[in-house]
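Coordinate inspection notes
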There are 2 protein chains.
Amino acid sequence: MKGYKITPQRQKIVEILGRAGCRLTAREIHQRLRKELPAVSIDTVYRNLHLLSAVGLTHHIQLASGAVYELTTDLSHHHHLYCVDCEKVVCIKYCPDLQGYSEQAGRYGFELVGHTFALQGRCSDCR
Amino acid sequence: MKGYKITPQRQKIVEILGRAGCRLTAREIHQRLRKELPAVSIDTVYRNLHLLSAVGLTHHIQLASGAVYELTTDLSHHHHLYCVDCEKVVCIKYCPDLQGYSEQAGRYGFELVGHTFALQGRCSDCR
DNA sequence: CTGGTAAATAGGAATATTACTATTTAAAAC
DNA sequence: GTTTTAAATAGTAATATTCCTATTTACCAG
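Residues numbered from 1 in each chain as written. Chains lettered and ligands numbered in written order. Predicted model: local features only at pLDDT ≥ 70, side-chain atom pairs only at ≥ 80, totals over all residues. Heavy atoms only, no water.

**Things to note about the interface of chain B and chain A**
Taken residue by residue, the interface counts 34 residues in chain B and 34 residues in chain A. Ranking the residues of chain B by area buried against chain A places Tyr94, Phe110 and Gln120 of chain B at the top, with a combined share of 22%. At the surface where chain B touches chain A, the tally comes to two salt bridges. If you list the elements that add at least two residues to the side of chain B that touches chain A, you get strand 3 (79-83), strand 4 (89-92), helix 4 (98-107) and strand 5 (111-122) of chain B. Bridging between strand 5 (residues 111-122) of chain A and strand 5 of chain B involves eleven bridges; their strand directions are antiparallel. Bridging across to strand 5 of chain B, alanine 118 of chain A finds its partner in threonine 116 of chain B. (Contact = heavy atoms within 4.5 Å. Buried area = accessible area lost by both parts, 1.4 Å probe. Salt bridge = Lys/Arg side-chain N within 4 Å of Asp/Glu carboxyl O. Helix = DSSP H or I, 4+ residues; strand = E, 2+ residues; numbered from the N terminus. Pairing = 2+ DSSP bridges.)

Given below as structure tokens:
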């Protein structure tokens, strides 16, 4: 597909995220990946997480304490809400104005490529 | 105010951003700041940029190639649109659904604290 | 003005992330 | 199956960002 190769490194990163059942940091993915491919470099992990996110297979979630990654299980478009204290993450099936983005970009002569959106809050446990 | 101190480091970071008239990276700010305060550490730059952004005096703009910072000259709420090729940044006076965010957060028992939004596109020069 | 105190700093160390390059490899073409 | 080639990798180096701790300092109260 699209000139991308299916490499063992790539496959196993997806597997690891799938098995994990939770969000992992790049470091955690690297540690687990090493058990199967001892020579894998951290650069490969980052490179693939970028690529996988670009094609929609994974999500990159930027928390205050760092980035975490998850396998995209829910393929429908959604965003994230997270607690600024405990960093609990919730997927919200909500995108404020998907229709309007292209129009906004168009006002400045831009062709829309993507958008980022996230909500930060304080969860019920942390109040 | 609010227990924050007005330190020379802090003041000069704001001055530098004000004089620059453009967005700067943390490294650039550090280099310029050193000319006035030779012993200043890069950590101080980051720490203050975080704080200044938290209180609204500066904006943190995350581009694909890294983060840049700008002084908040336009105090009205707005977001950014940038070109994925040349990384030109445009301020857009548009926030898709400010009203709805609290309600969305509320659905999950969260008290809204903040939100992030940005548009990525391809500008007229890069098409 | 002087002392007390929380906030901020410098400096060094630890992490996180990206860049570079020679080599390897998946996949397509033959 | 073999060749070809662009994509991907490992390894290393460079940057970017954050953390830790002892020391300093802005600012408040007396």
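**Concerning the pairing of strand 2 (residues 66-71) of chain A**
Residues and elements named next belong to chain A. Here strand 1 (residues 58-63) pairs with strand 2 via six bridges, running antiparallel. Bridge pairing in strand 2 places threonine 58 opposite leucine 71. The hairpin turn running from strand 1 into strand 2, its antiparallel successor, is two residues long.

**Here we look at the packing of aromatic side chains**
The tally for this structure, following the rule as stated, stands at five aromatic pairs over all chains. Each ring, one from tyrosine 94 of chain B and one from phenylalanine 117 of chain B, has its centre 6.0 Å from the other, and the planes form 65°; the classification is edge-to-face. With tyrosine 94 of chain B in the loop between strand 4 and helix 4 and phenylalanine 117 of chain B in strand 5, this pair connects stretches of sequence that are 23 residues apart. Under the relative-accessibility criterion, phenylalanine 117 of chain B is labelled buried at 6%. Each member of the aromatic cluster is reached from another via a ring pair, and the members are Tyr94, Tyr101 and Phe117 of chain A together with Tyr94, Tyr101 and Phe117 of chain B. (Phe/Tyr/Trp six-rings, centres within 6.5 Å; stacked < 30°, edge-to-face > 60°. Buried < 20%, exposed > 50% of the residue type's maximum accessible area, 1.4 Å probe, protein only.)

**Notes on the relation of the copies chain B and chain A**
With an axial shift of 0.0 Å and an RMSD of 0.0 Å, the rotation relating chain B to chain A amounts to 180°. The operation mapping one copy onto its partner corresponds to a two-fold rotation axis. Scanning chain B for the C-alpha nearest the rotation axis identifies phenylalanine 117 of chain B, at a separation of 2.2 Å. By residue overlap, the copies meet face to face through one surface: 100% of the interface positions of chain B are interface positions in chain A. (Least-squares fit on C-alpha atoms with pLDDT ≥ 70 in both.)

**Thoughts on the protein's contact with DNA strand C**
In the vicinity of DNA strand C there are 20 residues, among which Arg27 and Tyr46 of chain A together with Arg10, Thr44 and Arg47 of chain B approach most closely. The contact in question runs from a sugar or linking oxygen of DNA strand C to an N or O atom on the side chain of glutamine 9 of chain B, over 3.0 Å. Note that a phosphate oxygen of DNA strand C is positioned 2.5 Å from one of the side-chain N or O atoms of threonine 44 of chain B. Elements that contribute at least two residues to the surface near DNA strand C include exactly helix 3 (42-54) of chain A together with helix 1 (8-20) and helix 3 (42-54) of chain B. A per-element tally of the surface near DNA strand C places helix 3 of chain B first, with four residues. Its residues assigned to classes, the surface near DNA strand C shows six nonpolar, seven polar and seven charged. (Near = heavy atom within 4 Å. Polar contact = N/O pair within 3.5 Å; in protein donor to acceptor, adjacent residues only side chain to side chain. Nonpolar A, V, L, I, M, F, W, Y, C, P; charged D, E, K, R; others polar.)

As far as function goes, none of this settles anything; it's purely spatial.
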